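Here is how the chains run, residue by residue.
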Amino acid sequence: MALRVEGLSVRFEGTAVVDDVDLGLAAGSVLAVLGPSGCGKSTLLRTIAGLERPAAGRVLLEGRDLARVPTHRRGFALMFQDGQLFEHLDVAGNVGYPLRLRRRGRQERRRRVAELLDLVGLGGYDARLPTTLSGGERQRVALARALAVEPRLLLLDEPLSALDRGLRERLAADLHDILRAAGVTAVLVTHDQEEAFAVADTMAVMREGRLVQQGSLADVWAHPVDGWTARFLGYAEVLDGDRARTFRRLVAPDASWEAVALRRSALRLDPRGSLEATVEEARLTPELVRLRLDVDGLGVLPGVASPAAVVRAGERVRVSLDPARTAPLPGPA
Amino acid sequence: MARHRHAVATALLAALPLAALALFFVYPVAGMVGRGFVPDGRFEPGAVLEVLARPRVHRVLWFTLWSAAAGTLLSLVLGLPTAYALHRLRFPGRDLLRAVVVVPFVLPTVVVGVAFRQLIAPSGPLGGLGLDGSAVAIVAALAFFNVSVVVRTVGTFWESMDPRREEAAAALGATPWQVLRTVTLPALRPGIVSAASVVFLFCSTAFGVVLTMGGLRYANVETEIYLLTTQELDLTAAAALSVLQLLVVTGLLVLAARVRRSPPAARTARLLPRPRWTHAPVLLWTALTLVLLLAPLASLVAASLRRGEDWGLENYRALATTGADNALLVPVTEALVTSLEVALVAASLALLLGTVVAYLVSRPGGGRPRQLLDGVFMLPLGVSAVTVGFGFLVTLDRPPLDLRSSSLLVPVAQAMVALPLVVRTVAPVLRSVDDRQRQAAASLGAGPLRVLATVDVPAAWRALLAAAGFGFAVSLGEFGATSFLARDDDPTLPVVIYRLIGRPGAENFGMAMAASVVLAATTTAVMLAVQRLRGGSVGVL
Ligand SMILES: Nc1ncnc2c1ncn2[C@@H]1O[C@H](COP(=O)(O)OP(=O)(O)OP(=O)(O)O)[C@@H](O)[C@H]1O
Ligand SMILES: [Mg+2]
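Residues numbered from 1 in each chain as written. Chains lettered and ligands numbered in written order. Predicted model: local features only at pLDDT ≥ 70, side-chain atom pairs only at ≥ 80, totals over all residues. Heavy atoms only, no water.

Caption draft 1: Focus on the domain arrangement of chain A. Residue and element names in this part refer to chain A. If you check the domain split of chain A, you get domain 1 (3–230) and domain 2 (231–329). Relative placement of domain 1 and domain 2: their C-alpha centres are 38 Å apart. Counting residues at the interface gives 16 residues for domain 1 and 11 residues for domain 2. Summing both partners gives a buried area of about 1,200 Å² for domain 1 against domain 2, and 65% of it is carried by carbon and sulfur. At the junction of domain 1 and domain 2, the tally comes to zero salt bridges. Those elements that provide at least two residues to the side of domain 1 that touches domain 2 are strand E9 (202–207), helix H7 (217–222) and helix H8 (227–233). Broken down by element, the side of domain 1 that touches domain 2 gets its largest block of residues, four residues, from H8. (Domains from an automatic or database assignment. Contact = heavy atoms within 4.5 Å. Buried area = accessible area lost by both parts, 1.4 Å probe. Salt bridge = Lys/Arg side-chain N within 4 Å of Asp/Glu carboxyl O. Helix = DSSP H or I, 4+ residues; strand = E, 2+ residues; numbered from the N terminus.)

See below:
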């Protein structure tokens, strides 16, 4: 493990904003800490960076406790949502900043800056001032600056949140590739599950200061620990009680779980399907038709149909169920 | 059509303050300068040039420059760490300390001069240092005044600076010192330059302090103009210096306007950190600065409570009298009442005119005419108050405008001095109102007056009150112009104080101390009230 966080708690004015958090991260991997606004993600990241003092717990890098190491000696790099470029320096000045701190020669600096700007797709932007850059370009510069001295750990605080959707998706893919190409170990915090999925290998879900789940992307996605986590990850519906038991009889009569989460596409319009339902509402979206279905025996549930299908509210239809798009929950809903 | 009507309305509105400025500022100043250039009805520019070649004038210019530069430097050295402590850290009592720092700036210059002299006089607490009448003392007094300008100007910049930029640098490996040098100071530069230029301006045009402390040895341009007009009656030389000062100061103002940038809008209010032990040096420096700011005041209060070897309220009781050997024509209490009345009128005038100007210059669009208007009303900052006062005396004493015996003479002059500060206080607030709010109100059916009442006034009423208070405080302490215009039988408090310290006798000296304390307390009370109301910042601060 390159980075270990053990029992970390941070308090502001008496309240625990980060509460007994344990984390582990292998060298070269990217961890996404996912949680809603205000859950303490940024505080966790800042504490790892040494900008906040923990009330309890330790941060270890390669087994060494960092408690007495000030931020600037940790050899990390921190990148914020809005980049925090130095407005008085041009792009090359910003990217070269950590190199200058380390007294690298002018030649080397110039070479490395060019290399980094190429890496983030901004070759030739050296002399531009930050104020003349677009949001996406600013973030790329910030990323290049953070990567300049091969940080032992890269900390990213919602690096893409300030960007519009299309740009965010593109830059998330780029970020994924750039991080892999640079081979850095990184922690990314975000409230956007798509960003987490696009960039990270492993994921930790945070709620009100506590980590509720941690694991590989696929694992967390397939097996959310409870209803809250499932909803937060983008599951459309969580069933419990009688509805869950009815549902269990349909998909896994031998299992014993008491709650289940369904993705929107778990129920699909299908003439050969095994369930019958009444369409309550049908809404066309660019990729599919979103349905609200009153399923016999199960009640109102979301579903989908292909855009080619013609469905109207009030119609009786048959639907099929895809168990792979459901997730039984070990805990309560 | 509507556009046309709008333009006419704007022009009419602008006419009022412009007429006032022309009549009560440009005309008197031109009259005073004209007298110097055209003695005995003949235009003699040669005489003016000859003045500039005098060795004494060179000495005065040199002293003005270096004392202002040293005062600015000292203000920065004391003020920058204090700005950090008071605007980037959070600790109990911080708000009170912020208020304390502002107090010296609003103190009447005469009071500051008196307080310093008291502190360093051979008999005073620091008498052993032998600073009495020295240039060091003058520089220290200049800095005493202006530390607050640095703390406030730079402090607001510092406060609105996103700390994450510095954190990003620290995470990239910058030591605290490197962060300061490569990130913090460059980001603060506009604030520092702006503070330094304003402080330099104030230091180089300081009047009361230099007059009370400089004695016969040190004079700056401002006090020299005063001496030339009142003692030596050399109007040509006074006019030459006035014009020179006007040119230099206008240049400085233009420069300051270039670099002045309002601090970036504050980001999401984050809680500031509490001090850690690493902040100890900054906190110590701040404490030292505060002690330096409070020492003269404490010593002033102490002196006001002492007569000879005895302690008591004797000096305060004496304020109801005319002093030893009838040093004054009226009791000090009466002068206080006069001061308050005058200040009330002056503040009202300055507020009325200043608000109109602020309203006009803060309209979006308008381009050059607006900028010009803005600049024109800053002029009183650049002209020696002494010139204004003397100008009043020589131009407004005969038809078409004979105000010699009018009780409005003093308040009008003071209003002119306070005008730029009022504009500076109100305009930024009006300017910060997003024009789309006005458009939204208009689209919902609000007429122009309704927009004004529902959008601008709610945004600006605090600033208006602050400006009124600020104008009041400035007028209370105004000495440069008033010293010419106040009649002996109806003086204001600063004039009385100056007269008292010029008279012999422990009783008169004690009275001057007590009167200074009263004046300082009054101004401070007004400013603290303003401080409570203040939305943004006050005036040039
Ligand atoms: N310096 C501070 N002093 C006091 N409370 C703080 C401080 N910093 C953060 N908090 C509080 O701690 C909680 C967690 O804040 P944090 O910034 O870590 O949340 P976050 O998960 O990053 O949220 P977001 O997604 O909105 O950025 C919030 O309730 C916040 O108000
Ligand atoms: Mg955050």
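Caption draft 2: A look at the pattern of salt bridges. Throughout the structure, instances matching the rule amount to 38 salt bridges over all chains. Here the residues in one salt-bridge network are Arg111, Arg112, Glu115 and Glu150 of chain A, joined through shared partners.

Caption draft 3: Quick peek at the site of ligand 1. Taken together, Phe12, Val17, Pro36, Ser37, Gly38, Cys39, Gly40, Lys41, Ser42, Thr43 and Glu158 of chain A together with Leu271 of chain B form the complete shell of residues around ligand 1. Bordering ligand 1 are residues originating from chains A and B. The separation between an oxygen atom of ligand 1 and a polar side-chain atom of threonine 43 of chain A is 2.5 Å. Per element, the largest residue contribution to the shell around ligand 1 is three residues, and it comes from helix H1 (residues 41–49) of chain A. (Near = heavy atom within 4 Å. Polar contact = N/O pair within 3.5 Å; in protein donor to acceptor, adjacent residues only side chain to side chain.)

Caption draft 4: Broad picture of the sheet that holds strand E18 (residues 326–329) of chain A. Residues and elements named next belong to chain A. Taken together, three strands build an open sheet; the order of strands is E11-E12-E18 and the sheet is antiparallel. Of all strands in the sheet, those bounded by a partner on one side alone are strand E11 (237–240) and E18. Strand-to-strand twist of the sheet, defined as the mean angle between neighbouring strand axes without regard to direction, takes the value 20°. Where strand E12 (residues 259–262) lies against E18, four bridges are found, and the strand directions are antiparallel. Pairing of valine 260 across the sheet is with proline 328, part of E18. Those strands touched by helix H9 (residues 241–251) are E11, E12 and E18, and its axis lies near 95° from that of E11. (Pairing = 2+ DSSP bridges. Axes fitted to C-alpha atoms, helices over the stretch in contact; angles between N-to-C directions.)

Caption draft 5: Here's a closer look at the sheet that holds strand E2 (residues 15–25) of chain A. Residue and element names in this part refer to chain A. Reading across from one edge, E2-E1-E4-E5 is the order of the four strands in this open sheet, with antiparallel pairing throughout. Of all the strands in the sheet, the pair left with one neighbour each is E2 and strand E5 (64–65). Across seven bridges, strand E1 (residues 3–12) lies against E2 in antiparallel orientation. Opposite phenylalanine 12, over in E2, you have threonine 15 as the bridge partner. Sitting on the sheet, H1 touches E1, E2 and strand E4 (56–61), and the angle it makes with E1 is about 115°.

Caption draft 6: Summary view of the nonpolar core. Counting 156 residues, the largest nonpolar core has Val332, Phe392 and Ile497 of chain B as its most contacted members. In this structure, this core is formed jointly by two domains, domain 1 (56–234 + 249–266) and domain 2 (314–363 + 407–536) of chain B, each of which donates at least three residues. Leave out the neighbours within four places in its chain, and isoleucine 497 of chain B touches Val110, Val111, Val114, Ala512, Ala515, Ser516 and Leu519 of chain B. Listed in part, the 62 residues of the second largest apolar core include Ala32, Val95 and Leu175 of chain A together with Val179 of chain B. (Core = buried A, V, L, I, M, F, W, Y, C linked by side-chain atoms within 4.5 Å. Buried < 20%, exposed > 50% of the residue type's maximum accessible area, 1.4 Å probe, protein only.)

Caption draft 7: Quick peek at the interface of chain A and chain B. With 22 residues of chain A in contact, the opposing surface of chain B contributes 22 residues. Here chain A and chain B share an interface that buries about 2,100 Å² over both sides, 54% of which is from carbon and sulfur atoms. The interface formed by chain A and chain B includes four salt bridges. Summed over the shared surface of chain A and chain B, the number is eight residue pairs in polar contact (both at pLDDT 80 or more). The set of elements that each furnish at least two residues to the side of chain A that touches chain B consists of strand E6 (76–79), helix H2 (91–101) and helix H4 (135–147) of chain A. Across the side of chain A that touches chain B, the residue classes break down as 11 nonpolar, four polar and seven charged. (Nonpolar A, V, L, I, M, F, W, Y, C, P; charged D, E, K, R; others polar.)

Caption draft 8: Main features of unusual backbone geometry. All names here are of chain A. Phi at glutamate 13 is positive, roughly 50°, even though this residue is not glycine. By the element assignment, glutamate 13 lies in the loop between E1 and E2. Exposure remark for glutamate 13: the relative accessible area of 56% places this residue in the exposed category. With phi around 55°, arginine 103 is a residue other than glycine that occupies positive phi space. Tracing the sequence through the fold places arginine 103 in the loop between H2 and helix H3 (106–119). By relative accessible area, arginine 103 is classed as exposed at 73%.

Caption draft 9: Structural view of the pairing of strand E10 (residues 210–216) of chain A. All names here are of chain A. Pairing geometry for E9 and E10, over six bridges, is antiparallel. By the bridge assignment for E10, arginine 207 is matched with arginine 210. The loop that links E9 with its antiparallel partner E10 comprises two residues; one of these, glutamate 208, has a positive phi angle of about 45°.

Caption draft 10: How the structure looks around the domain arrangement of chain B. All names here are of chain B. Assigned domains within chain B: domain 1 (56–234 + 249–266) and domain 2 (314–363 + 407–536). On the side of domain 2, 22 residues touch domain 1, which itself brings 23 residues to the contact. Applying the counting criterion to the domain 1 and domain 2 interface returns zero salt bridges. Put simply, domain 1 and domain 2 have zero residue pairs in polar contact (both at pLDDT 80 or more) between them. Among the secondary structure elements, those contributing two or more residues to the side of domain 1 that touches domain 2 are helix H4 (94–106), helix H5 (109–120), helix H9 (208–214) and helix H10 (221–230).

Caption draft 11: Local environment of the confidence of the model for chain B. Of the residues in chain B, 93% have a pLDDT of 70 or more, and the chain-wide mean is 83. As a predicted assembly, this complex carries a pTM of 0.77 together with an ipTM value of 0.77. (pLDDT = per-residue confidence, 0-100.)

Caption draft 12: Examining the side chain of aspartate 157 of chain A more closely. Examined against the element boundaries, aspartate 157 of chain A turns out to sit in strand E7 (residues 153–157). Lacking a salt bridge, the buried aspartate 157 of chain A has arginine 164 of chain B as its closest oppositely charged neighbour, with an N-O distance of 5.6 Å. Other than its neighbours up to four places away in sequence, aspartate 157 of chain A contacts Ser42, Leu45, Met79, Phe80, Gln81 and Val189 of chain A. (Lys, Arg positive; Asp, Glu negative; His and termini not counted.)

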